[in-house]
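Descriptive structure summary
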Amino acid sequence: MELYRSHVLICGGTGCSSSGSLTFEDKFAAAMAKHDLNKEVKLVKTGCFGLCEAGPIVVVYPEGAFYSRVTDEDITKIVEEHLLKGRIVKGLLHGSAIDEEVTKSINEVDFFKKQKRVALRNCGIINPENIEEYIAFDGYQALGKALTEMTREEVIEVVKASGLRGRGGGGFPTGLKWTFAYNAQSEKKYVACNADEGDPGAFMDRSVLEGDPHVIIEAMAIAAYAIGADEGYVYIRAEYPIAVKRLEIAIEQAKEMGLLGKNIFGTDFNFDLKIKLGAGAFVCGEETALIASIEGERGMPRPRPPFPANKGIFGQPTVLNNVETYANVPQIILNGAEWFANIGTERSKGTKVFALGGKINNTGLLEIPMGTTLREVIFDIGGGIPNGKAFKAVQTGGPSGGCITAEHLDTPIDYDNLIELGSMMGSGGMIVMDEDNCMVDVARFFLDFTVDESCGKCTPCREGTKRMLEMLDKICEGKGTMQDIEDLEQLAYTIKDASLCGLGQTAPNPVLSTLKYFKHEYLAHVEDKKCPAGVCKDLLAITITDKCIGCTMCKTVCPVNCISGEKKGQHVIDQDACIKCGACIDKCPVKCIVKK
Amino acid sequence: MAKKLSQEECFAKLNEAIEVHKGSQGALMPILHEAQHLFGAVPLDVQKVISKALSIPLAEIYGVVTFYSQFTLEPNGEFLIGVCMGTACYVKGSGPILDRISRELNLPVKTTSQDGKFTLIDTRCIGACGLAPVITINDDVYGRLTEAEIPSILAKYINA
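Residues numbered from 1 in each chain as written. Chains lettered and ligands numbered in written order. Predicted model: local features only at pLDDT ≥ 70, side-chain atom pairs only at ≥ 80, totals over all residues. Heavy atoms only, no water.

**Section: the overall build of chain B**
Within chain B one finds seven helices and five strands. Listing the helices and strands of chain B from first to last along the sequence gives α-α-α-α-β-α-α-β-β-β-β-α. Projected onto its principal axes, the C-alpha positions of chain B cover 50 × 30 × 25 Å. Here chain B holds 160 residues, and the buried ones make up 49% of them. Relative to all contacts within chain B whose residues are 6 or more apart in sequence, the contacts with residues 24 or more apart total 59%. Accessible area of chain B: about 7,700 Å², with a carbon and sulfur share of 53%. Once the 14 positive and 17 negative side-chain charges of chain B are each reduced to a mean point, those two points are 4 Å apart. (Helix = DSSP H or I, 4+ residues; strand = E, 2+ residues; numbered from the N terminus. Buried < 20%, exposed > 50% of the residue type's maximum accessible area, 1.4 Å probe, protein only. Contact = heavy atoms within 4.5 Å. Areas by Shrake-Rupley, 256 points an atom, 1.4 Å probe, with all protein chains shown as cover. Lys, Arg positive; Asp, Glu negative; His and termini not counted. Charge placed at Lys NZ, Arg CZ, Asp CG, Glu CD.)

**Looking at the interface of chain A and chain B**
Chain A puts 55 residues into the contact, and the matching count from chain B is 33 residues. Both sides of the chain A and chain B interface together cover about 3,500 Å² of buried area, and 55% of this is carbon and sulfur. For chain A, the biggest contributors to the area lost against chain B are Ala-279, Arg-298 and Phe-445 of chain A; these three give 16% of the whole. Taken together, the links from chain A to chain B amount to three salt bridges. We note a salt bridge from Glu-453 of chain A to Arg-124 of chain B, for which the minimum N-O separation is 2.6 Å. Between chain A and chain B we count 19 residue pairs in polar contact (both at pLDDT 80 or more) in total. Only helix H1 (14-18), strand S9 (272-277), helix H12 (287-294), strand S15 (429-434) and helix H17 (439-453) of chain A provide two or more residues apiece to the side of chain A that touches chain B. (Buried area = accessible area lost by both parts, 1.4 Å probe. Salt bridge = Lys/Arg side-chain N within 4 Å of Asp/Glu carboxyl O. Polar contact = N/O pair within 3.5 Å; in protein donor to acceptor, adjacent residues only side chain to side chain.)

**Some words on helix H21 (residues 509-517) of chain A**
Residue and element names in this part refer to chain A. Counting buried positions along H21 gives eight out of nine residues, so the element sits mostly inside the fold. All buried positions along H21 are accounted for by Asn-509, Pro-510, Val-511, Leu-512, Ser-513, Thr-514, Leu-515 and Tyr-517. Of the surrounding elements, those touching the buried residues of H21 are strand S14 (402-405), H17, helix H18 (459-476), helix H19 (482-498), helix H20 (502-506) and helix H22 (519-526).

**Overview of a nonpolar patch on the surface**
There is a patch of nonpolar side chains on the surface, built from Phe-172, Leu-176 and Phe-180 of chain A and spanning about 250 Å² of accessible area. Along the chain, Phe-172 of chain A falls in the loop between helix H7 (152-162) and helix H8 (174-183). (Patch = residues over 30% accessible without salt bridge, like charges linked within 9 Å, V, L, I, M, F, W, Y side chains within 5 Å.)

**Comments concerning the environment of Thr-46 of chain A**
All names here are of chain A. Positionally, Thr-46 belongs in strand S2 (residues 41-46). For Thr-46 and Gly-124, which are 78 residues apart along the polypeptide, the C-alpha to C-alpha distance reads 4.9 Å. Ignoring any residue separated from it by four or fewer positions in sequence, one finds Thr-46 in contact with Leu-9, Ile-10, Cys-11, Gly-12, Gly-13, Gly-124, Ile-125, Ile-126, Pro-128 and Arg-246.

**A look at the packing of H17 of chain A against H21 of chain A**
Residues and elements named next belong to chain A. Between H17 and H21, whose axes approach to 8 Å, the crossing angle comes to 170°. The angle between H17 and H21 places the two elements in the roughly antiparallel class. Here Met-439, Ala-443, Phe-446 and Leu-447 of H17 come into contact with H21, specifically with Pro-510, Val-511 and Thr-514. Grouping the amino acids of the contact of H17 with H21 by side-chain chemistry returns six nonpolar, one polar and no charged. (Axes fitted to C-alpha atoms, helices over the stretch in contact; angles between N-to-C directions. Parallel < 35°, antiparallel > 145°, perpendicular 65-115°, else oblique. Nonpolar A, V, L, I, M, F, W, Y, C, P; charged D, E, K, R; others polar.)

**Points about the pattern of salt bridges**
All names here are of chain A. Evaluated as defined, the whole model comprises 39 salt bridges over all chains. Where Lys-27 meets Asp-72, a salt bridge forms, and the shortest distance between an N and an O atom there is 3.0 Å. Taken together, the residues span a long stretch of sequence, with Lys-27 in helix H2 (residues 24-33) and Asp-72 in helix H3 (residues 72-85) at a distance of 45 residues. Given a relative accessible area of 38%, Asp-72 falls into the partly exposed group. For Arg-206, the salt bridge goes to Glu-210, with nearest N and O atoms at 3.1 Å. Of this pair, Arg-206 and Glu-210 both sit in helix H9 (residues 204-211), four residues apart, which is roughly one turn of the helix. Overall, Arg-206 belongs to the buried group, its relative accessible area being 5%. A relative accessible area of 1% means that Glu-210 is categorised as buried. The structure contains a network of salt bridges with shared partners spanning Lys-188, Asp-230, Glu-231 and Lys-274.

**Quick look at the sheet that holds S15 of chain A**
Residues and elements named next belong to chain A. Here we have five strands laid out as an open sheet, ordered S12-S11-S15-S13-S14, and mixed in their pairing. Every other strand in the sheet has two partners, leaving strand S12 (364-369) and S14 as the edge strands with one partner each. Between one strand axis and the next, the sheet turns by 30° as a mean value, whatever way the strands run. Taken strand by strand, H17 contacts strand S13 (391-396), S14 and S15, and its axis lies near 15° from that of S13. (Pairing = 2+ DSSP bridges.)

**With respect to the packing of aromatic side chains**
Enumeration according to the criterion identifies 19 aromatic pairs over all chains in this entry. When the centroid spacing of 5.1 Å and the interplanar angle of 65° are considered together, the rings of Phe-445 of chain A and Phe-446 of chain A count as edge-to-face. By relative accessible area, which is 1% here, Phe-446 of chain A ends up buried. Ring geometry for Phe-79 of chain B against Phe-118 of chain B: centres 5.8 Å apart, planes inclined by 35°, an arrangement best described as tilted. (Phe/Tyr/Trp six-rings, centres within 6.5 Å; stacked < 30°, edge-to-face > 60°.)

**What to know about the pairing of strand S1 (residues 6-11) of chain A**
Residues and elements named next belong to chain A. Within S1, five of the six residues are buried, which leaves the element mostly enclosed by the surrounding structure. As judged from the six bridges shared by S1 and S2, these two strands associate in the parallel manner. What sits directly across from Ser-6, in S2, is Val-41. Of the pairings in the sheet, the one linking S1 to strand S3 (residues 58-61) comprises four bridges and is antiparallel in character. Each residue of the ladder has a partner; that of Leu-9, found in S3, is Val-59.

**Considerations on the domain arrangement of chain A**
One widely used convention gives an interface's size as the accessible area the parts lose upon coming together. Residue and element names in this part refer to chain A. One can read the domain layout of chain A as domain 1 (6-109), domain 2 (131-341), domain 3 (351-434), domain 4 (439-526) and domain 5 (541-595). When each unit is reduced to the centre of its C-alpha atoms, the spacing between domain 1 and domain 2 is 34 Å. Residue-level contacts link eleven residues of domain 1 with eight residues of domain 2. For the pair domain 1 and domain 2, the summed buried surface comes to about 590 Å²; carbon and sulfur atoms form 50% of the total. It is Thr-14, Gly-47 and Cys-48 that lose the most area in domain 1 upon contact with domain 2, and together they represent 49% of the buried surface on that side. Taken together, the connections running from domain 1 to domain 2 amount to zero salt bridges. Linking domain 1 with domain 2 are three residue pairs in polar contact (both at pLDDT 80 or more), by the criterion used here. Where the side of domain 1 that touches domain 2 is concerned, the elements lending two or more residues are H1 and S2. Of the residues forming the side of domain 1 that touches domain 2, the biggest block, three residues, is contributed by S2. (Domains from an automatic or database assignment.)

Structural data, given as structure tokens:
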């Protein structure tokens, strides 16, 4: 094996590659070739590091130098200064990696220090397109252990004892699910992986598939062995082309090495894995809808029971788990149930990955032990709210979840606590909102999403969410009445009780939770016809104050020509014609145009 | 790539794809993906071919095509502009960005311009929340956008 004195890790995750990091490998290689460094320094294209805000990210080891927002010019500097002369280019380090001239390695940076990485352990460390790197990090050892040292029952027992619960949203105990499928009598059984990550603002499944695809293959093989299946499907969003490609490569490599196929590890266990592409339907994240979609039909849910564990893909018993759930399994098998159960809270074991986004300084992906408080996540790891704005709420659980306010920031995060607060864990999206976000508008945003994504099979969800959206539209337009707020709440509970699947049963949550914590904002829209945050356009008026210098800049930029006034004279906006685009506010050199 | 193929070549490729998947369970979706890729849409005449080859009623295929947002009945414009409406982008102002693009191009959301150059859509979360607000124009990604940057970005494609 060749030895290198330095390793350059280039993030190839979605965030960084959107800013051009996929071209960095060639550019580094070219710059290094000038100094004949290619035999001394190894380039590794990794999965997501997590701190997408700072992308494109490049990390140089052994120092752990954390370069952020790297540009093409920076590459030359890093090669010539750091790689050639051994001097860290301090000016290019991420702000948090340098403290009064003392540089910190990436692991000492606040964002990473408080994390505990189980599901994401290999993301940003190994090259996801190279099976040997995965194997070097204990990859496929858990599968080997399960197949050669453990019985099927023992595997299920370990997963059960670990306390692992489904990471896709519901939080159902994984071991129990496996037991049901194990007990189901059938010649043919399937395992499936739900990689249809439709929850807006959540991208952990994508990061695992892009950064460590082999862990999913290994975990699915373990699940297949445990329940007695020989075939598996990964149902993945077509919107994730990089993840699909890396998973395809991983499956090919695993087949070549005999880790997929017949007689794996010399045992009589056979397992074959296929990819099924989703086609853009949020409801396919629901298990019975996902199965219908794999079978080539419209992705519509059906009543349960029978549960997929008894009657799943093509009518056969099926274990269906989420990507992040699977990503925990090999570590549980290797380290034991007790190790996993020691992390987290009493009823929520292990770690959870969150996608932190919205009005937050450190946007990105992080993994923390269950029981960490929201305050630690948002302020210690997330670095707080940008531009000195005040924290208003954090939204968890996506379109199925709710908002959590400042007074609950010290709540330890686990499945049950979040539900108690009227939200839910969901898949782990965490969107932070500040004083400039209108909560009625946010509720409307989510309802708009569910109306669009409702499959139309059951009436409460199809018709009910539509009526709720209409009421919210009315309120945001300043035409709402107190009766609307009352009806909204009542309809919300009806939809929750009467809908067929999880989508409808949880769709009203964003409305109920904003009604609970931000009723005053609803009242302001209805009674005072005001949007306190200044978001709802119909309730805003843009006016020019008497500080106007008559420069005519606003007049030129107005797209609908609704501003009148002479040069050097006071300008006026015609309120009836104004579309409230705000273009004049941005243009005004003396900041005399206000929105209220 | 798809544009260079003639209609006959597309149908030939489609038949190849049908042969590959025919007989396996759940063959419809992968074939539809291939058709969407080849033709840029799955119009009725394409659906009829698939229907015949797989012995699945046309009504059922039409139902599947219209159910999923990845399949369209008409091809998109030369440049597909997607404005991410994921939550992270939304709270950081992707709404006004969508309005601005619509205004600049004089193109309502979810429509294609008369000359077939642009299609403007609001997309689901593309998972690049770290770059919010984000738009995509075909394979190009523009992140951390402000409204003011829109005209110069669009200009590149208008003149292309």
